[in-house]
Amino acid sequence: MSGVTADYDCDVAIVGGGLVGASLALALSGLGLSITLVEAVLPEDDAQPSFDTRTTALSNGSRRVFEGLGVWEEIAREATAIAKIHISERGRFGSAVIDAAEQGIPALGFVAENRVMGRALWRRLRHVTGLTLLAPAVVVTATVDASGSRLALMDGRVIRARLAVAADGIASRVREGAGVGATSTEYGQVALIAQATPGRAHQQVAYERFASSGPIAALPIPDGRVGLIWTLEPSEATRILALDDAPFLAELQEAFGWRLGRLRAISQRYAYPLALIKADATEAPRTAIIGAAAQGMHPIAGQGFNLGLRDAATLAEVLADTLGQDPGSAAVLARYAQWRRRDRDAIIGFTDGLVRLFSSRFAPVRFARGLGLLLFDLSPTAKSAMSRLSQGFAGRLPRLARGLPLLPDRGLLP
Ligand SMILES: Cc1cc2nc3c(=O)[nH]c(=O)nc-3n(C[C@H](O)[C@H](O)[C@H](O)COP(=O)(O)OP(=O)(O)OC[C@H]3O[C@@H](n4cnc5c(N)ncnc54)[C@H](O)[C@@H]3O)c2cc1C
């Protein structure tokens, strides 16, 4: 990058201060690296795409990462522990329950609103020393040469970094600028997001209900409400989105059933088209790719953010363990990419398989999955494997996800 002037010169530039990019920025604070975080939309802005009205199911591994980043205490005040996961299919014989108590753990995971997580992350970010926060600021081009990455902002400013981190979501410009392609598989499904107030207490149970219209997740959140993720075919989603509250609730009740009693109130509804988007690589010269920029997936198994947070925790650990080396060197990046491969492939494969299994209308498949649920309910081994997965225990975990400090000789952040 010699001979090129820049307004900001740093070791690591993170593009995207959404859930994953903001977490990485916090994880890297205190390592002595100079960090620049660029975010297009301020967290308090209604248009912020990462911290919206969605609710996210967090694994215990993610909870530990947030503890390590010093934000869990604030998030926990508004999060709900998952005591049980109840999986069933409308009109079929199979159903299964995974119970935290049976698995000998206090909670299978937690449900938190994205807005709450975003607020906690950014409140802390604003007090980090050594971090340059550029927000709102949009990266328009990313180019790379042997010594670094050059990021051009829409307002004409330029950032030069030894390592650029693409944390800018599924349509990542940084990924594109680094020459990394992505394969996209449309599911032909839309996730409809809303919050409902049921007549019966949710008792901290997360429901996954496979209705004929598509899977519905009802996640326990504060004030007795549930966060809904209802997957529908696009034409059905358009029709149902246009309904007023009462007919909407009637259709939801019909699809979800009565396990939560009468569904009494419903919030505003939002729609998200669903696809599997997988970057061809998680590293490129001078570039690391994390979170939704690396993989965007169906929310059926609630794994996308948990996986993205493990990307961030792993990259932070690799950078911590190679302090003193060039953070954008091929050796450092190869270490990150190699470590992520197994976890990433396993979670993408598991989620995609689940979507295909539960989207099938083919009678033998329907029968087999009903039977599968029944057998699953009877099999302690399968349940404990699933419970480990839902806690984020697939593959080798980074230190932060195990509740350990990033630097072995340093405590968790105060
Ligand atoms: C309906 C739905 C439900 C989900 N539920 C769950 C769940 O229960 N559990 C789970 O683990 N995951 C879930 N996910 C997945 C999860 O939401 C994503 O994995 C997560 O949001 C990814 O975060 P991110 O920070 O990588 O990307 P994003 O959230 O996309 O954030 C990207 C950020 O980059 C910024 N940005 C973009 N371009 C630029 C640019 N050029 N310059 C500067 N900034 C830029 C954006 O403003 C944004 O803040 C769900 C997803 C959906 C769609």
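Rules and cut-offs
- Residues numbered from 1 in each chain as written.
- Predicted model: local features only at pLDDT ≥ 70, side-chain atom pairs only at ≥ 80, totals over all residues.
- Helix = DSSP H or I, 4+ residues; strand = E, 2+ residues; numbered from the N terminus.
- Near = placed C-beta within 6 Å.
- Nonpolar A, V, L, I, M, F, W, Y, C, P; charged D, E, K, R; others polar.
- Pairing = 2+ DSSP bridges.
- Core = buried A, V, L, I, M, F, W, Y, C linked by C-beta atoms within 7 Å.
- Buried ≥ 20, exposed ≤ 12 C-beta atoms within 10 Å, placed from the backbone.
- Contact = placed C-beta atoms within 7 Å.

Draft legend 1. Focus on unusual backbone geometry. In this model, alanine 135 is joined to proline 136 through a cis peptide bond whose omega is 0 degrees. Assignment of secondary structure puts proline 136 in the loop between strand 8 (131-134) and strand 9 (139-145). Residue glutamine 204 is not a glycine yet carries a positive backbone phi of 60 degrees. Positionally, glutamine 204 belongs in the loop between strand 12 (182-198) and strand 13 (205-211). One non-glycine residue, arginine 286, lies in positive phi territory at about 65 degrees. Along the chain, arginine 286 turns up in the loop between strand 18 (283-284) and strand 19 (287-289).

Draft legend 2. Structural context of the site of the ligand. Inspection of the region around the ligand gives 35 residues, with Gly16, Gly18, Gly169, Gly291 and Gly304 positioned closest. For the shell around the ligand, the secondary structure elements donating two or more residues are helix 1 (19-28), strand 3 (55-58), strand 12 and helix 8 (304-321). Looking at the shell around the ligand element by element, the count peaks at 4 residues for helix 8. By residue class, the composition of the shell around the ligand is 18 nonpolar, 13 polar and 4 charged.

Draft legend 3. Highlighting the pairing of strand 9. The pairing of strand 9 with strand 10 (residues 148-153) spans 6 bridges and is classified as antiparallel. Paired with alanine 142 across the bridge in strand 10 is leucine 151. Linking two consecutive strands that pair antiparallel, namely strand 9 and strand 10, is a turn of 2 residues.

Draft legend 4. Focus on the nonpolar core. Core analysis: the biggest nonpolar cluster contains 111 residues, and Ala13, Val15, Leu24, Val165, Ile290 and Ala316 have the highest contact counts within it. When residues in this core are grouped by element, the largest group, 9 residues, is from helix 8. Setting aside its immediate chain neighbours within four residues, valine 15 contacts Val38, Val139, Leu151, Ala164, Val165, Ala166, Ala167, Asp168 and Val174.

Draft legend 5. Representation of the environment of valine 111 in the model. You can see valine 111 is positioned in strand 7 (residues 109-113). In the structure, valine 111 is positioned 31 residues away from threonine 80 in sequence and 5.2 Å away in space, judged by C-alpha atoms. Not counting residues within four places of it along the chain, the set of residues in contact with valine 111 comprises Thr55, Ala57, Ala79, Thr80, Ile82, Leu219, Pro220, Ile221 and Gly227.

Draft legend 6. The pairing of strand 11 (residues 158-166), seen in detail. Where burial is concerned, most of strand 11 is hidden: 8 out of the 9 residues are buried. Note that strand 1 (residues 8-15) and strand 11 share 7 bridges and pair parallel. In the strand pairing of strand 11, valine 15 is matched with alanine 166. In terms of strand pairing, strand 10 meets strand 11 through 4 bridges, oriented antiparallel. Across the sheet, residue alanine 152 finds its bridge partner in strand 11, namely valine 158.

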